[in-house]
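Letter by letter, the chains look like this.
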Amino acid sequence: MDTTTQYVFAFEDGDGKDKKLLGGKGANLCEMTQIGLNVPPGFVISTAACLEYLDEPKRALPPGLIEQVHEQMRALEQKTGKGFGDPDNPLLVSVRSGSAMSMPGMMDTILNLGLNSATLQGVIRATDDPRFGYDAYRRFIQLFGKVALGVPDEAFDKEFAAIKEAAHAKQDVDLSATDLRETCERFLKVVEDATGHPFPTDPYQQLEIAIKAVFNSWSGKRAVDYRKQFHITPDMANGTAVNVVTMVFGNRGDDSATGVAFTRNPATGENKLYGEYLVNAQGEDVVAGIRTPKPLDRLKVEMPDLADQLDELRDKLESHYREVQDFEFTIEQGQLYCLQTRNGKMNTVAMVRTSVEMEREGLITKEQALLRIAPESLEQMLFPRLDPNVKAEAVAQGLPASPGAASGIAVFDADRAEHLGKGQGLKVILVREETKPEDIHGFFASEAILTSRGGKTSHAAVVARGMGKPCVAGAEGISVDVDRREARVGLTSFKEGDVITIDGTSGKVYLGAIPTVEPDFTPELHTLLGWADEMSKLKVLANADTPDDARRARRYGAVGIGLARTERMFNDVERLPIVIEMIVAETPEARQEALDRLLPLQRQDFHDLFEVMSPHPVTIRLLDPPIHEFLPDEHVLERELSELRALAQSARGVTVLAGAMGLLHASESLRREVETARHMVDPTVVEEAIAKKEAMLKKVRALYETNPMLGHRGVRLGMTFPEIYRMQVRAILEAAAECAKSGIEVHPQIKVPQVCTVQELRKVKEYVDSIHTEVAARYGKPVRFQFGTMIEVVRACMRADSLAEEAEFFSFGTNDLTQATFSFSREDAENKFLPLYNQSGLLQDNPFDVLDVKGVGKLMQLAVEWGRAVKPDLHVGICGEHGGHPASIAFCHQAGLDYVSCSGPRVPIARLAAAHAALKSAPTPNA
Ligand code: PEP
Ligand code: MG
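Just so it is clear, the structure is predicted and the values come from calculations on it, not from any experiment. (Residues numbered from 1 in each chain as written. Chains lettered and ligands numbered in written order. Predicted model: local features only at pLDDT ≥ 70, side-chain atom pairs only at ≥ 80, totals over all residues. Heavy atoms only, no water.)

What follows covers the pairing of strand 5 (residues 240-246). For strand 5, a buried count of seven out of seven residues is recorded, marking the element as mostly surrounded by other parts of the structure. Covered by surrounding structure in strand 5 are Thr240, Val242, Val244 and Thr246 together with Ala241, Asn243 and Val245, the residues of both alternating faces. Of the strand pairs in this sheet, strand 2 (residues 42-45) and strand 5 are connected by four bridges, and their pairing is antiparallel. The partner of Ile45 across the bridge, within strand 5, is Val242. Across seven bridges, strand 3 (residues 93-99) lies against strand 5 in antiparallel orientation. (Buried < 20%, exposed > 50% of the residue type's maximum accessible area, 1.4 Å probe, protein only. Helix = DSSP H or I, 4+ residues; strand = E, 2+ residues; numbered from the N terminus. Pairing = 2+ DSSP bridges.)

What follows is the structure, given as structure tokens:
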């Protein structure tokens, strides 16, 4: 073992860029110190030390570490002029965790370390403030007891509540020095009872135990779960660093305070310092949401000098980091300290606004403005908001902590939220007094979070914002009773299972469900996506089948339709009977008759799409699904047939009876009844119905396939029922001709699905060419169009060179191509074996979600290469679901595709992802 390894770094010396070694917080403290911010002196113990410690079965600190820590403590003593353990002038420190990736609230912090009964008296003498001294001590005993010695919080909370009750104190600040001294004594006893040992008094021993506890917290359940949930892998963060920092106190009277702030508003992005503070309090009070803090605007009134200093600090932070910072500060008797800063976690609305504004302020470039936003996160901007036309009375008002609106049933603890939300698939809203890190599983299972205490920087608010879930925090009008699973608000109440609605944008809480509407794009998002389009090489088109879809896709910035699935147009109530007639037709004439009725309807469909998308291209795919999908279900038909047969039997019986009437001496009334029955059920009508159903059943059985997705579909239909494809081609070309005639610029593209041989493509091309000539003659002008093929079967990839002879474009149908490559049914795999494959690592991702670059991607690359070898200007895109997935888009960029096409709401995500792909693959200027 190398005993000369440097594990410990003073803030003046550590490399502020080495987050892996020093953790995010430690690296930052070093960097802040080195750029001249007022940071309390301290040092960092590296993540390497943590890993060595955890690797050792006996959990021993690496050799040499303690000596280095002691050396740094001596340096701290010199810098502060205080002594660690010195009763006359004691130095106190905080011990904080900090890994390379920010994991808010997931690991542990100990404050006021170095206190014991002797140093406590020193603190009291130095500050002349016994209340302050006992308050610091009781906080230390509880935190150290909990974090380092594993004593449960409840044991302390119980004692503290008893003391508060006896003292008639509503808040902690109402407690006197004597009350707090009593608290310390009781807390020391709590620790001794729980551990069987007296509370450790030697500061160096306390420090060593604390360092080990922070290291251990890296492998604690909470941290492990968090890393799993957010896919934090060891190469992103491995081990936690330990930061040992001189304590500064925000609870040394009314000229002291503590707070957290964002350099810009993390909910809206507004360029204004945003945060909260508490006078005479410690940092944990703000973060834990125990007391409701004041907004920073108040500081301008209460401590104007410090408000100015804080503004200066904000400017320094932003101009150095060139990123919105989330920082903690403490004011100790009029002196401002910056304790920590990190890149601010913001919702996407704020990310987008700050990107655009920081670019305009010259803080960042357009490229940086784009790259700091994860494409997937734009989904948050599609959050619903409450329908403004619905008038509803809010029952409570809290802080708008994370935007968006949601309805769901109220639940009052995280386990119930998980049980009902995840387990039973119900929409739940987690309602808590305040939340703690251990509630995290409840967050995942909930639509939204509501707390009755805490500020906008409380745990609930920070976590909800990160997850993009609506959150209302600090709705103090609500009083939560966890045991009775109900909350009272004013004169009313709601219980577990009652539906409530919260609006995280306004902070309002409603009883019952309120409808929501889709949000609009912000102007900043338009600007940002405009920049994205400038940078990207891939064009983003949309998969849209209806004019409404197309309109929305256009609003989202799609520059064309890459896939219009024509089967959706057949499923309309008015058309389905004609489609069925067309399918069951026994003769070509009868089929043509039905198709003739479909033609004008389809022509109108295409006309509308062309018009909405003009002047962008619209790619229409000829009919794809197996046609039996349009026919009724076999079992339903069988049941109806047997009912009809029974009816026919009764009808026949009635007829026979009527015939026999003459022979009978039947009464007049019986004759009348039989006659009526005969009229009601006309046997010939029933027989006709039976014949029709039988014909349909025969057709259904004839078209039956065991494996329809690999069967009579796509271009195979075009081969067996050419008149269907002909009708569609005619409808496309005529619609285009009509549009052109009325001055609408159109760029129709006809694409053929499921092609596997060039002969199929040639055949369809023949129909197209002959219809095109006809239409051109009729309209007096040829319509320009493109003809191409889907590439969605493996053979099409292998025969890409010959397909390129006929096709002007290729469009990868990666849904089918994935199915075909893996031989995994796209209908079943995801509900059957794929989850197990993913969980057990047999396959890293679900290939129907994330394009399988190694298999499907390889086929695509070959097809592009071979296709372009024959036709260099071959236009190539993707229209499977992967077309909206950022990682898949990056692959499409690398593979040299021209466009991606995805569902309308994913278009903004795809636009940003396309820009990311281009920026990340662009050679760096000096490389
Ligand atoms: C595909 O297979 O990827 C495709 C776009 O077609 P569909 O999903 O309609 O089969
Ligand atoms: Mg397909």
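With respect to the secondary-structure elements, Val900 resides in strand 31 (residues 899-903). Val900 gets classed as buried once you look at its relative accessible area, which sits at 0%. Those residues in contact with Val900, other than ones at most four positions away along the chain, are Leu538, Lys539, Val540, Leu541, Ile878, Gly883, Ile889, Cys892 and Ala910. (Contact = heavy atoms within 4.5 Å.)

This part takes up the coordination of the magnesium ion (ligand 2). Taken together, Glu792 (OE) and Asp816 (OD) make up the full set of protein donors to the magnesium ion (ligand 2), lying 2.0 to 2.2 Å away. Pair noted here: Glu792 is in the loop between strand 28 (786-791) and helix 29 (794-798) and Asp816 is in helix 31 (residues 814-822), with a separation of 24 residues, a long-range link. (Donors = N, O, S within 2.8 Å, 3.2 Å for Na, K, Ca; no water.)

Considered for burial, the residues of helix 34 (residues 886-894) that qualify are Pro886, Ser888, Ile889, Phe891, Cys892 and His893. On its buried face, helix 34 sits against helix 33 (853-870), strand 30 (875-878), strand 31 and helix 35 (907-921). Taken from the residues just after helix 34, Gly896 is the one with a positive phi, measuring 80°.

Let us now look at the sheet that holds strand 9 (residues 325-332). The strand order across the open sheet formed by five strands is 8-7-6-9-10, and the pairing between neighbours is antiparallel. Looking at which strands have only one partner, the edges of the open sheet turn out to be strand 8 (294-295) and strand 10 (335-343). Sheet topology places strand 6 (residues 257-262) next to strand 9; six bridges connect them, and they run antiparallel. The partner of Val260 across the bridge, within strand 9, is Glu328.

This paragraph deals with the nonpolar core. Phe610, Phe812 and Leu897 are the most contacted members of the largest nonpolar core, which totals 128 residues. Per-element tally for this core: the top contributor is helix 27 (residues 722-741), with 11 residues. The residue makeup of this core includes at least three contributed by each of domain 5 (536-629 + 710-919) and domain 6 (634-702). With near-sequence residues (within four places) excluded, Phe610 lies in contact with Val618, Ile620, Ile732, Ala735, Ala736, Cys739, Ile744, Val746 and Pro748. (Core = buried A, V, L, I, M, F, W, Y, C linked by side-chain atoms within 4.5 Å. Domains from an automatic or database assignment.)

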